[in-house]
Amino acid sequence: MPLQRSETYSTTGTKQSWNCDPSVAPFNVNIGCVLSAGTVDYKLQYSYDTLDNPLLADSDATWIDSDDIPASTTGTAEANFSTPIARVRLVIAALSGGTLKMTMLQGMSTN
């Protein structure tokens, strides 16, 4: 079964990150963000930091803005990562009159 996660957001802010499995080969993670209604301003970030130590938090990671879902994204969007990353998260600057659903799918290893 592939790694799958989905969450619907109705508030602004930096959301808790989701882990990916960078050891899967070939690496492939797809992220879809779907706006149900209303208006939104958001971005997707990713990190190479695994945060394996239980004392580490998202604030300890170095975050990079996605080129596919950059700052000021205002509608439904998707991103694909074909090189290993460790974590993803959403930063929602504004959200009014609707919800934003983020879904992540990562395939299984073929070796």
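Residues numbered from 1 in each chain as written. Predicted model: local features only at pLDDT ≥ 70, side-chain atom pairs only at ≥ 80, totals over all residues. Heavy atoms only, no water.

Student: So what exactly am I meant to see when it comes to the nonpolar core here?
Tutor: In a soluble, globular protein the nonpolar side chains are often hidden away together inside. Counting residues in hydrophobic clusters, the biggest one holds 24 residues, and the most contacted among them are Ile31, Tyr42, Leu44, Phe81, Val88, Leu90 and Met102. For this core, the elements supplying multiple residues, two or more each, are strand S4 (29-35), strand S5 (39-47), strand S7 (77-81), strand S8 (87-96) and strand S9 (100-106). Apart from residues no more than four positions distant in its own chain, Val88 is found in contact with Ser17, Trp18, Cys20, Ile31, Leu44, Gln45, Tyr46, Trp63, Phe81, Met102 and Met104. (Core = buried A, V, L, I, M, F, W, Y, C linked by side-chain atoms within 4.5 Å. Buried < 20%, exposed > 50% of the residue type's maximum accessible area, 1.4 Å probe, protein only. Helix = DSSP H or I, 4+ residues; strand = E, 2+ residues; numbered from the N terminus. Contact = heavy atoms within 4.5 Å.)

Student: I'm lost on the pattern of salt bridges in this one. Help?
Tutor: Scanning the model with the defined rule gives three salt bridges in all. With a shortest N-O distance of 3.4 Å, Asp65 and Lys43 are connected by a salt bridge. Taken together, the residues span a long stretch of sequence, with Asp65 in strand S6 (residues 64-65) and Lys43 in strand S5 at a distance of 22 residues. For the salt bridge of Asp58 with Arg87, the shortest nitrogen-to-oxygen distance reads 3.9 Å. On the criterion of sequence distance, the pair formed by Asp58 in the loop between S5 and S6 and Arg87 in strand S8 is long-range, its members being 29 residues apart. Judged by its relative accessible area of 11%, Asp58 is buried. (Salt bridge = Lys/Arg side-chain N within 4 Å of Asp/Glu carboxyl O.)

Student: Help me understand the side chain of Lys15, please; the structure alone is not making it clear to me.
Tutor: Assignment of secondary structure puts Lys15 in the loop between strand S2 (13-14) and strand S3 (18-19). Put simply, Lys15 is tucked away with no salt bridge, and the nearest opposite charge, on Glu7, sits 7.5 Å away. Setting aside anything within four residues of it in sequence, one finds Lys15 in contact with Tyr9, Asp58, Arg89, Leu90 and Ile92. (Lys, Arg positive; Asp, Glu negative; His and termini not counted.)

Student: Please clarify how the sheet that holds strand S1 (residues 3-9) should be interpreted in this entry.
Tutor: What holds strands together in a sheet is hydrogen bonding between their backbones, with the strands either parallel or antiparallel. Reading across from one edge, S1-S9-S4-S7 is the order of the four strands in this open sheet, with antiparallel pairing throughout. Every other strand in the sheet has two partners, leaving S1 and S7 as the edge strands with one partner each. Strand-to-strand twist of the sheet, defined as the mean angle between neighbouring strand axes without regard to direction, takes the value 10°. Note: S1 against S9, seven bridges, orientation antiparallel. From the neighbouring strand, Gln4 faces S9, where its bridge partner is Leu105. (Pairing = 2+ DSSP bridges. Axes fitted to C-alpha atoms, helices over the stretch in contact; angles between N-to-C directions.)

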